[in-house]
Amino acid sequence: MKKAVVCGAGIGGLATALHLKAGGADVRVFEKNDYAGGKMGIFKKSGYRFDTGPSLLTMPHVLRDFFRSLGRNMEDYIEIEKLEISCRYFWEDGTVLNWYSDHERLNDEISDVFGNDEAEGFRKAMNYGKLFYELSNDAFLEGEFKLRNFVSAQGLKNAGKFISGRSMNDVSNKFFRNPKLKQLWNRFATYNGSSPYLSPQFFSIIPYTEHLYGPWYVKGGIYRIAEALVELCTETGIEISFSHRLKHSDSRGSVISSLTFETPGGESTVSDFDTAVLNFTSMQETASDSYFKNDDWSSSGFIMFAGMKSSNEALTHHNIFFSQNYENEFLDIFERQRNPADMTVYVSISSKSDSQHAPPGCENWFMLVNVPSLYSGFEWNSESTKEYSNRIFDKLNSFTYVFDNSVLNSAEFAETFTPLDFVRVYGSEYGSIYGLSSNSLYTLMKRPKNRSAKFSNLYFCGGNSHPGGGVPLVFLSGRITAGLILGNQRTA
Ligand SMILES: Cc1cc2nc3c(=O)[nH]c(=O)nc-3n(C[C@H](O)[C@H](O)[C@H](O)COP(=O)(O)OP(=O)(O)OC[C@H]3O[C@@H](n4cnc5c(N)ncnc54)[C@H](O)[C@@H]3O)c2cc1C
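Residues numbered from 1 in each chain as written. Predicted model: local features only at pLDDT ≥ 70, side-chain atom pairs only at ≥ 80, totals over all residues. Heavy atoms only, no water.

1. Details of the site of the ligand
- Taken together, 33 residues are adjacent to the ligand, and Glu 31, Lys 39, Leu 246, Gly 463 and Val 471 come closest.
- One nitrogen or oxygen atom from the main chain of Lys 32 is found 3.3 Å from a nitrogen atom belonging to the ligand.
- Backbone polar atom of Lys 39 to an oxygen atom of the ligand: 2.8 Å apart, as the coordinates give it.
- Contact with the protein chains hides 93% of the accessible area of the ligand, taken as 1000 Å² for the molecule alone.
- When residues of the shell around the ligand are traced back to their parent elements, those giving at least two are α1 (11-22), β10 (245-252), α14 (419-426) and α16 (471-486). (Near = heavy atom within 4 Å. Polar contact = N/O pair within 3.5 Å; in protein donor to acceptor, adjacent residues only side chain to side chain. Areas by Shrake-Rupley, 256 points an atom, 1.4 Å probe, with all protein chains shown as cover. Helix = DSSP H or I, 4+ residues; strand = E, 2+ residues; numbered from the N terminus.)

Structure (structure tokens):
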């Protein structure tokens, strides 16, 4: 029987552990925090409840397939519901657009707000995204990334499309005339922490898949997924050792021979395993030699968890308040490496769907702004954190037709979470949300594969490795990694 050790109880590590267990392996999980879920965490204060990371679920079939592959029904663990509006978009000049999940309704909305030609452009853009979705599925989403997948007549044709040099923004320019609709399409590049002006056009799969499979909410909050994974571990006999931070690994030749953990009681060393899986890529000694030499890390986030004393009827569950100059915002983040002066603010309010997430008449606002990773050298301290929080409140207040200058007065509290916290809590590289950026095909190729090139018994899973970040892809990475270890990974 294979003996595997999984380090990191994020959803990637837990999914891998559960697949391994289902495949007959003996699995143990070690996690540095005292809770499971990693970025998919939970924060509670004064009667308010917040999800700390992901808020929107897409491609729910991936999750359903995951439960099915373990012989379970997803519905016995979590309840999901489709959102009528994926996101409400606001611009300072008073333009508002509802991104409806119903296709006809969204078409009509785009026609009403931006005109018929733009609605036609939208249909064409979606078809373009579909093309890349089909290519990605074949090439790497369902299996290990292999260059040989492209070595065939069709493969070469596909590769040509992938490496055409067009960016997400080029796709926007191709299909839309209205700058606001371009900005909206470009926003999807931020789903993997990249710049739409740099990241390759095939990320058009992101708006396409969200449109195809819909935006979903997990009743009770998305943290329910992490809780369900822990329940599954308990049911299947996988032990999770919390407060165990992997500190050091020893190797014998090309084999990882032991792992040393920092624990509340001191240190403990584990060596009775034949396979090690890391649900993070931030340990220098286990990373490939060139990994940390990269300088293009995905964006980090500046988060505020605010308890709002009143309810704002103009808002829905997911809201975006756009900056005035999107290109400048991304130049700030990725080129000038500074916090954007004019920022786009995402406000997610789960109490719109789950009233018990906030006291009666109140709302739980999760506010997220994209900021550079700590590679920028920016110093987050109490002063810069306060200053940036105020700038975000000022930004929201500039949408006078929505807030009437009332945002700050309505906040009972606003707890902040900076890029430094991303390092402290999740061990993220430079506080980046997704590890290396997806700003170029070069950095995409540098993303850690699921099987280490350095050690024969070391594997990686999760959002910073193949096939990438976001809840569904992280579940897929768990399946791919476990498949490689168990020897039943399909060769795409
Ligand atoms: C603010 C934010 C918003 C997001 N929004 C969405 C969204 O709406 N939809 C979506 O699909 N995705 C979203 N994502 C992305 C998604 O949350 C992540 O891709 C996913 O949760 C990553 O899971 P993971 O298991 O790969 O990594 P992590 O969650 O980072 O898990 C890694 C685990 O390893 C542990 N660890 C690290 N170092 C050590 C060590 N030395 N020893 C032991 N354990 C260690 C960490 O504590 C952690 O538990 C969002 C992410 C963030 C941060």
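2. A few points about the domain arrangement of the protein chain
- For the protein chain, the assigned domains are domain 1 (3-40 + 223-288 + 448-486), domain 2 (84-214) and domain 3 (295-426).
- Each of domain 1 and domain 3 has a C-alpha centre, and these two points are 31 Å apart. (Domains from an automatic or database assignment.)

3. Brief notes about unusual backbone geometry
- Residue Pro 467 is bonded to the preceding His 466 through a cis peptide linkage, with omega at 0°.
- Mapped onto the elements, Pro 467 comes out in the loop between β19 (458-460) and α16.
- The phi dihedral of Ser 243 falls on the positive side, at around 55°, and the residue is not glycine.
- On the basis of relative accessibility, which here comes to 25%, the residue Ser 243 falls in the partly exposed class. (Buried < 20%, exposed > 50% of the residue type's maximum accessible area, 1.4 Å probe, protein only.)

4. Details of the nonpolar core
- By size, the foremost hydrophobic cluster in this structure holds 104 residues, and its most contacted members are Tyr 89, Trp 99, Ile 225 and Phe 475.
- Those residues within four positions of Ile 225 in sequence are excluded, and the remaining contacts are Met 40, Leu 57, Leu 63, Ile 78, Val 218, Val 471 and Phe 475.
- Of all hydrophobic cores here, the second largest spans 26 residues; its members include Met 304, Val 347, Leu 374 and Tyr 388. (Core = buried A, V, L, I, M, F, W, Y, C linked by side-chain atoms within 4.5 Å. Contact = heavy atoms within 4.5 Å.)

5. Topic: the sheet that holds strand β9 (residues 239-241)
- Within the open sheet, the 5 strands sit side by side as β9-β2-β1-β13-β19. Their pairing is parallel. This sheet does not close on itself; its edge strands, each paired only once, are β9 and β19. Neighbouring strand axes in the sheet, compared pairwise and without regard to direction, differ in orientation by 20° on average.
- Pairing geometry for strand β13 (residues 275-278) and β19, over 3 bridges, is parallel. Opposite Leu 278, over in β19, you have Phe 460 as the bridge partner. (Pairing = 2+ DSSP bridges. Axes fitted to C-alpha atoms, helices over the stretch in contact; angles between N-to-C directions.)

6. Regarding a negative patch on the surface
- Together, Asp 102, Glu 104, Asp 108 and Asp 112 give the surface a local cluster of negative charge.
- Here Asp 112 is to be found in helix α3 (residues 103-114). (Patch = residues over 30% accessible without salt bridge, like charges linked within 9 Å, V, L, I, M, F, W, Y side chains within 5 Å. Salt bridge = Lys/Arg side-chain N within 4 Å of Asp/Glu carboxyl O. Lys, Arg positive; Asp, Glu negative; His and termini not counted. Charge placed at Lys NZ, Arg CZ, Asp CG, Glu CD.)

7. Some words on the side chain of Asn 439
- By the secondary structure assignment, Asn 439 is in the loop between α14 and α15 (441-446).
- Residue classification places Asn 439 among the buried positions, given a relative accessible area of 5%.
- At a separation of 2.8 Å, a polar atom in the side chain of Asn 439 contacts the main-chain amide nitrogen of Ser 195.
- Here Asn 439 is in contact with Ser 194, Ser 195, Leu 198, Ser 199, Pro 200, Asp 296 and Phe 334, once residues within four sequence places are set aside.

8. Some words on the pairing of strand β12 (residues 266-270)
- Across 5 bridges, strand β11 (residues 255-263) lies against β12 in antiparallel orientation. By the bridge assignment for β12, Glu 262 is matched with Glu 267.
- Connecting β11 to the antiparallel partner β12 that follows it, the hairpin turn spans 2 residues.

9. Here we look at the packing of helix α2 (residues 60-69) against α16
- The N-to-C vectors of α2 and α16 enclose an angle of 30°; their axes lie 8 Å apart at closest approach. Here α2 and α16 pass one another in a crossing that is left-handed. Counted together, Val 62, Leu 63 and Phe 66 of α2 and Pro 472, Phe 475 and Leu 476 of α16 form the full contact between these two elements.
- Broken down by class, the residue content of the contact of α2 with α16 amounts to 6 nonpolar, no polar and no charged. (Left-handed = near helix turned anticlockwise from the far one by under 90°. Nonpolar A, V, L, I, M, F, W, Y, C, P; charged D, E, K, R; others polar.)

10. Examining empty space enclosed by the protein
- The full count for this structure, using the stated rule, is 3 cavities of 30 Å³ or more.
- The space that makes up the largest cavity amounts to roughly 90 Å³.
- As for the largest cavity, its lining consists of 13 residues, and the residues nearest its centre are Asp 51, Ser 55, Ser 348, Ser 350 and Phe 366.
- Contributions of two or more residues to the lining of the largest cavity are made by β4 (48-51), β16 (345-349) and β17 (363-371).
- With 3 residues, the single largest contributor to the lining of the largest cavity is β4.
- Class assignment for the residues of the lining of the largest cavity results in 5 nonpolar, 6 polar and 2 charged.
- In this structure, the second largest cavity spans a volume of roughly 60 Å³. (1 Å grid on protein atoms, 1.4 Å probe; cavity = no way out; pocket = protein on both sides within 12 Å on 5 of 7 lines; lining within 4 Å. Points joined across faces, edges and corners; volume = space filled by probe spheres on them.)

11. Points about α14
- For α14, the complete set of buried residues consists of Pro 419, Asp 421, Phe 422, Val 425 and Tyr 426. Down the axis of α14, the buried set is contained in an arc of 150°. They therefore lie on one face.
- Of the residues one or two after α14, Gly 427 is the one with positive phi, at around 70°. (Arc of directions from axis to C-beta.)

12. Re the packing of α1 against α16
- The interhelical angle for the contact between α1 and α16, taken along N-to-C directions, is 40°, at an axis separation of 8 Å. In terms of axis orientation, α1 runs oblique to α16. The way α1 lies across α16 gives a crossing that is right-handed. Taken together, the residues of α16 that come into contact with α1 (itself represented by Ile 11, Gly 12, Ala 15, Thr 16, His 19 and Leu 20) are Val 471, Val 474, Phe 475, Gly 478, Arg 479, Thr 481, Ala 482, Ile 485 and Leu 486.
- Here the contact of α1 with α16 is composed, by residue class, of 9 nonpolar, 5 polar and 1 charged. (Parallel < 35°, antiparallel > 145°, perpendicular 65-115°, else oblique.)

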